[in-house]
Amino acid sequence: MDLEASGPPYDSPAAAAWRQQAITWRNRVILLLDRLPMPVALCDTAGVILLANPAMAAEWGMLSGQMRGRNALDFFRPRTRTRLHPIAEAVRLGRRSRYPVEVSWSTAKGVERYGEMDVDPVSDTPDAPPALMLLLRVLGERAESAAAAAGVEEVSGMEARILALTAGGATTARIAKAVGLTVDGVNYHLARLSRRWGVRGRTALVARAYTLGVLDREVWPPAAAQRG
């Protein structure tokens, strides 16, 4: 293939002008996203966030850059994960349809919200690897009692054990040994629960667990509450 014939040489004035124009348009697009009131994010095909606008980050009291590199499923709970399968298939086949997914999430203030997220596979050219554009529509908020019930149902047995040990003052290393995880694994579960309930710090996380009835208020050492 003749590279000279396919376009201007990389170090030519024409190529430099083209790159400058591309940078200009990229900055304009980012500026437009920053000003959109609708929460928008761009992810790779694995769901890792590449770009999020301030409206999206504000749902969790974060800055846009703080969401970069995190997985979208760390923030959103799809109503049914089976709705994600057609999206994965569309990416594999190179389709460009829009896929609506019902989601819920907890805001930075602990408010339980729900809405619909449109997932659009997008790419610069038809042959380029796609990315996923996420467009979120906030539809409403649930009452505190419903949010509390949802919080209890979503806590796994492993998470309840980690919370109980945390409430008892165990170190991360001790918790990891007790539940058979790595230190990073324990921190992952604690961070995920903190995002889900919209709290920061282990003290607030333990307090929230007692408020939601995840931990038994009548026993010591701390233990998970009996469900049902």
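Structural notes, computed from the coordinates.

## Some details on the pairing of strand E1 (residues 40–43)
Right, so step 1: The pairing of E1 with strand E6 (residues 131–141) spans 4 bridges and is classified as antiparallel. Within E6, the residue paired with Cys43 across the bridge is Leu132.
Right, so step 2: Sheet topology places E1 next to strand E2 (residues 49–52); 3 bridges connect them, and they run antiparallel. Each residue of the ladder has a partner; that of Ala41, found in E2, is Ala52.
Right, so step 3: Taking the residues between adjacent antiparallel strands as the criterion, E1 and E2 are bridged by 5 residues, where Gly47 takes a positive phi near 90°.

## Remarks on the pattern of salt bridges
Right, so step 1: Per the counting criterion, the structure on display carries 8 salt bridges.
Right, so step 2: Note that Glu59 and Arg113 form a salt bridge whose closest N and O atoms lie 2.9 Å from each other. With a gap of 54 residues between them, Glu59 in the loop between helix H3 (54–57) and helix H4 (64–67) and Arg113 in strand E5 (residues 112–122) connect regions that are remote in the sequence.
Right, so step 3: Residue Glu59 is classed as buried on the basis of its relative accessible area of 10%.

## As for the packing of aromatic side chains
Right, so step 1: Under the counting rule described, the total for this entry stands at 3 aromatic pairs.
Right, so step 2: Between Trp60 and Phe76, the ring centres sit 5.2 Å apart and the planes meet at 85°, which makes this aromatic pair edge-to-face. Of this pair, Trp60 sits in the loop between H3 and H4 while Phe76 is found in the loop between H4 and strand E3 (77–78), placing the two residues 16 residues apart along the sequence.
Right, so step 3: Residues Phe76 and Trp105 carry aromatic rings whose centres are separated by 5.6 Å and whose planes lie at 75° to one another, so their mutual orientation is edge-to-face. Of this pair, Phe76 sits in the loop between H4 and E3 while Trp105 sits in strand E4 (residues 99–106), placing them 29 residues apart in sequence. The two residues Phe76 and Trp105 agree in class, both being buried.
Right, so step 4: One aromatic cluster in this structure is built from Trp60, Phe75, Phe76 and Trp105.
Right, so step 5: Lying over the aromatic face of Phe75, Arg195 brings its terminal NZ or CZ to 5.9 Å of the ring centre.

## Re the packing of helix H8 (residues 172–179) against helix H9 (residues 183–197)
Right, so step 1: Viewed as axis vectors pointing N to C, H8 and H9 meet at an angle of 100°, and their least axial separation amounts to 8 Å. Compared by their axis directions, H8 and H9 come out roughly perpendicular. Between H8 and H9, the residues in contact are Thr172, Ala173, Ile175, Ala176 and Val179 and Val183, Val186 and Asn187, respectively.
Right, so step 2: By residue class, the composition of the contact of H8 with H9 is 6 nonpolar, 2 polar and no charged.

## Regarding helix H7 (residues 157–167)
Right, so step 1: Of all the positions in H7, only Glu159, Ala160, Ile162, Leu163, Ala164, Thr166 and Ala167 are classed as buried.
Right, so step 2: Downstream of H7 by one or two residues, Gly169 has phi in the positive range, about 90°.

## Regarding the nonpolar core
Right, so step 1: Judged by nonpolar contacts, the single largest core of 21 residues is most densely connected at Val155, Leu163, Val186, Trp197, Leu205, Val214 and Leu215.
Right, so step 2: When residues of this core are traced back to their parent elements, those giving at least two are H7, H8, H9 and helix H10 (202–211).
Right, so step 3: A total of 5 residues in this core trace back to one element, the largest contributor, which is H7.
Right, so step 4: Grouped together as the second largest cluster of nonpolar side chains are 20 residues, Met56, Trp60, Met67 and Phe76 included.

## Here's the deal with the environment of Ser194
Right, so step 1: Within the fold, Ser194 resides in helix H9.
Right, so step 2: Accessibility expressed as a relative area gives 15% for Ser194, which makes it buried.
Right, so step 3: Separated by 88 residues in the primary sequence, Ser194 and Ser106 place their C-alpha atoms 9.7 Å from one another.
Right, so step 4: Here Ser194 is in contact with Val199 and Leu205, once residues within four sequence places are set aside.

Cut-off values and rules
- Residues numbered from 1 in each chain as written.
- Predicted model: local features only at pLDDT ≥ 70, side-chain atom pairs only at ≥ 80, totals over all residues.
- Heavy atoms only, no water.
- Pairing = 2+ DSSP bridges.
- Helix = DSSP H or I, 4+ residues; strand = E, 2+ residues; numbered from the N terminus.
- Salt bridge = Lys/Arg side-chain N within 4 Å of Asp/Glu carboxyl O.
- Buried < 20%, exposed > 50% of the residue type's maximum accessible area, 1.4 Å probe, protein only.
- Phe/Tyr/Trp six-rings, centres within 6.5 Å; stacked < 30°, edge-to-face > 60°.
- Lys NZ or Arg CZ within 6 Å of the ring centre and 35° of its normal.
- Axes fitted to C-alpha atoms, helices over the stretch in contact; angles between N-to-C directions.
- Parallel < 35°, antiparallel > 145°, perpendicular 65-115°, else oblique.
- Contact = heavy atoms within 4.5 Å.
- Nonpolar A, V, L, I, M, F, W, Y, C, P; charged D, E, K, R; others polar.
- Core = buried A, V, L, I, M, F, W, Y, C linked by side-chain atoms within 4.5 Å.

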